[in-house]
Amino acid sequence: MEKVPRRLILRAFPFFLFLVSLVLYTVDLRPDVVVPSDQLGKKQRTNWHGSGINDQETVGKEQKTNWRGSGIEDQETVGKEQRANWSGSGIEDQETVRKEQRTNWRRSGIEDQETVRNGIEDQETVGKKQRTKNWSGSRIEEQEIVGMKQRTNWGRSPIEDQQMVGKKQRIDRGGSHIEDQEQPDSLFKRLVTGQSQTQLEATGFACHSDVHTNVCVSNRPVRIDTRTMKVYAPFSQAMTNQANHTISPYPRREDKTAMEYVSPVQILQGNIAPPPACHYTHNVPAVVFSSGGFTGNIFHEFNEVIIPLFLTTRHFQSRLRFVVADFRPPFVAKYSKVLSRLSIYEVINPAANESVHCFPGAVVGLHYHDNIAVKPTDYIPEGYSMLDFTQFLRDSFNLKKRDLSQMEKPVLVLISRSKTRMFLNEDQMVTMMKTLGFNVVIAKPDTMVDVHKFAEVMNSCNVLVGAHGAGLTNEVFIPQGAVMVQVVGLNLEWVSTAYFGGPAREMGLKYIEYKIEPEESSLTSLYGKNHPIITDPASIEAKGYRVGRAVYLEEQNFKINVVRFRKTLVQALELLGRSAPLGKVF
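The rules behind each value
Residues numbered from 1 in each chain as written. Predicted model: local features only at pLDDT ≥ 70, side-chain atom pairs only at ≥ 80, totals over all residues. Heavy atoms only, no water. Pairing = 2+ DSSP bridges. Helix = DSSP H or I, 4+ residues; strand = E, 2+ residues; numbered from the N terminus. Axes fitted to C-alpha atoms, helices over the stretch in contact; angles between N-to-C directions. Salt bridge = Lys/Arg side-chain N within 4 Å of Asp/Glu carboxyl O. Buried < 20%, exposed > 50% of the residue type's maximum accessible area, 1.4 Å probe, protein only. Parallel < 35°, antiparallel > 145°, perpendicular 65-115°, else oblique. Left-handed = near helix turned anticlockwise from the far one by under 90°. Contact = heavy atoms within 4.5 Å. Nonpolar A, V, L, I, M, F, W, Y, C, P; charged D, E, K, R; others polar.

## Some points on the sheet that holds strand β29 (residues 510-515)
Here 5 strands make up an open sheet; going across it, the order is β26-β25-β27-β28-β29 and the pairing parallel. Each having just a single partner strand, β26 (439-443) and β29 make up the two edges of the open sheet. The sheet shows a mean angle of 20° between the axes of neighbouring strands, direction not considered. The sheet contact formed by strand β25 (residues 411-415) and β26 spans 5 bridges and is parallel.

## Observations regarding the pattern of salt bridges
According to the stated counting rule, one finds 10 salt bridges in the structure shown. Note that glutamate 520 and arginine 564 form a salt bridge whose closest N and O atoms lie 2.8 Å from each other. Taken together, the positions of glutamate 520 in the loop between β29 and α12 (522-527) and arginine 564 in helix α16 (residues 562-575) put the pair 44 residues apart, joining distant regions of the chain. By relative accessible area, which is 4% here, glutamate 520 ends up buried. Members of the salt-bridge network, linked through shared partners, are Arg252, Glu254, Asp255 and Glu304.

## Considering the sheet that holds strand β23 (residues 356-359)
The mixed open sheet is built from 6 strands, whose spatial order is β18-β19-β17-β16-β23-β20. The strands lining the two open edges of the sheet, one partner per strand, are β18 (245-247) and β20 (280-281).

## Focus: the packing of helix α9 (residues 426-435) against α16
It is the contact of α9 with α16, at a shortest axis distance of 10 Å, that shows an interaxial angle of 40°. Taken as axis vectors, α9 and α16 run oblique relative to one another. Here α9 runs over α16; the crossing is right-handed. For the pair formed by α9 and α16, the contact residues are Gln428, Met429, Met432 and Met433 on the first element and Val562, Phe565, Arg566 and Leu569 on the second. Tallied by class, residues from the contact of α9 with α16 come to 6 nonpolar, 1 polar and 1 charged.

Next up, the structure:
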């Protein structure tokens, strides 16, 4: 190969320098050529895609960006936080605090979108965001944890807000109202107190006992044999000895008559080999109670089952299953709306489902506070009131009126009894009530059988009038601010106040007692005005409860002094902010 003459190379060198200079000028200095990026210090001027001029200035880490020439949009990054307009349709926010992003993907609005495995789901991850299954494993729940704050869609039906502070959560179920929900262990702990809580934490099992009821709690798996109503509970090494329990799950243990209609439930602990095999496995706890006892009487149904059920189970937020000993179909049908609101699962009838059911925990027995009572403090579980209970009933029966603000002409409901403590001159009483401007509804026993329909009648009631008796239990459906007038018979002062007067006030009702005079009682005509039954009731009570009951509750009827009783109803009108019409006094 011939060598290139040195002189020729020297002649070509200036031309080579010219080409290099031209390339450098084109790349670095020409302002009208589109290039990906141009950095002068830390300042950039960029035309993306030739559609317009977009400005982006980075001072430190702050940027000002126009992405497509449609307008000026701001994006500031302080640390790692950004504000962006992705599609030019409006200003949309995107803030990333650690790992959280909000994005408008489709120009139609702000939509949260993330891809979780096979699909796009709404999920925000801040710290420890999770996607989990709910307790029963049958539905998917969306859950994010911001510290300990969660947002949850239970079963994809409504969106519920849930915040956990420690172990306590606040939930808006479907946007209707806020309820409290705690973690499973805390749910069980609320049902015992003191040393029993310590025992529950250590062993997984504890019981509470008082004069009215026994309640045993297991926060560990149990097996319930519905053929024998035996509960096989866990036994922990922390237990000093094996302790079996027999519980009658109806809160009237002090009443031997009531307990004759309640079947016992045996709780067995220890190493039972082999344990009975599970026929059904559930992912929510069981609550075992009896619908025996005095059910069939509305007072006892509310006093000993419905209110105790509310107390014992409301904080589980419907995530439990009832096992009903002494299953009475009329009772379960009558209160189906209440039961279905406390539990989203079908009630288990042991007699119709003889098998072994396995649960992650169980409660046997129901808590009881007092007669038609929910005590906010010093009782287990604490934190509820009668106002909470009456609101629960309104929700259960879909009652629209919470107070009297929507009512015009006053409605008076008169409880009409047909056997004992009857009003012997009821027609005269009704006539007088109408002259006072009341729209009078006479509630006879047959009209009160369907509690669903009668609850609606009571929800439109301004004034409830009745003699001491079970029918007054319907005061639980009256709107707040209404008046309850109780006719108190001879020697019935204590029971009238304890069973209905005190509870009425706790429900937000206005309460009046009309105490009858001896001449208004049928006992005077039966025994004479000078008989100890009239003049010395204490001497009759001294002979025993059954003697006193037979006289004052079962033999006594009333012939009301209508003129005197009218004054009581005028007082009721005044409590409603109304006045009696002018005219002739009845």
